[in-house]
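Notes for the structure review
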Amino acid sequence: MTEKKRKLMIRNATMEDLAAVTAVEAECFPAAEAATEAEFRQRLRDYGNHFWLLFEDGKLVSFVDGMVTDQEDLTDEMYERADLHQETGAWQMIFGVNTIPSCRCQGYAGQLLRRAIADAKAQGRKGLVLTCKDALVPYYAKFGFVNEGVSESVHGNVVWNQMRLRFCER
């Protein structure tokens, strides 16, 4: 018996993805850390092209999102104010790397991170910045992110590490 081949598709988000993105976020993060539908509505309006969505057989199962800015460090204000997005900014911030629990450990988040990294590089960014909990530092290091230590972020009343992937400047 052969395993059914899954149909995977990666694309950027549109406002029509609002409900699905909000549902995946709620499945992946505790309420204190999860973005709300209203926050996602603003993010999609201001930088939907900086959402990378992965669909399995037509269902959203994973996404990565974040704004672009000239600020070097990811701040809590960025989560709350989508209007701080600067399309020509130097740094691609990553706010969330989400995969629904039933689809984890299949490489989906990695595919999306590689796509976000490739897009940021192609767009001439200096690199990408994200924050994560201690347990995920080794995971992001596999993609070239370097731990810069504890972030000033207190988002969701959690201790976060700031990690940066810097592209070589020519």
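The preceding data block contains the structure.
Given the structure is predicted, the values throughout are model-derived calculations rather than measurements.

About the thresholds
Residues numbered from 1 in each chain as written. Predicted model: local features only at pLDDT ≥ 70, side-chain atom pairs only at ≥ 80, totals over all residues. Heavy atoms only, no water. Helix = DSSP H or I, 4+ residues; strand = E, 2+ residues; numbered from the N terminus. Polar contact = N/O pair within 3.5 Å; in protein donor to acceptor, adjacent residues only side chain to side chain. Pairing = 2+ DSSP bridges. Buried < 20%, exposed > 50% of the residue type's maximum accessible area, 1.4 Å probe, protein only. Arc of directions from axis to C-beta. Contact = heavy atoms within 4.5 Å.

**A look at the environment of Thr14**
Mapped onto the secondary structure, Thr14 falls in the loop between β1 (8–12) and α1 (18–28). Between the C-alpha atoms of Thr14 and Phe29, which are 15 residues apart in sequence, the distance is 22 Å. Within the structure, the side chain of Thr14 is placed 2.9 Å from the side chain of Glu16, a separation counted as a polar contact.

**Examining the sheet that holds strand β7 (residues 127–132)**
Judged by pairing direction, the sheet is mixed, and its 5 strands sit side by side in the order β4-β5-β7-β9-β8 without closing on themselves. Edge positions in the sheet fall to β4 (68–69) and β8 (146–150), since each of these pairs with one other strand and no more. Taken together, the 3 bridges between β8 and strand β9 (residues 161–166) define a ladder with antiparallel strand orientation. Opposite Asn147, over in β9, you have Met163 as the bridge partner.

**Observations regarding α1**
Every buried residue belonging to α1 is among Leu18, Val21, Thr22, Val24, Glu25 and Cys28, and all of these are buried. All buried residues of α1 lie within an arc of 165° about the axis, which places them on one face of the element. Those residues of α1 that are exposed and aimed more than 90 degrees away from the buried face are Ala19 and Ala26. Looking at the buried side of α1, the elements it contacts are α2 (37–47), β2 (51–56), β3 (59–65) and β6 (96–99).

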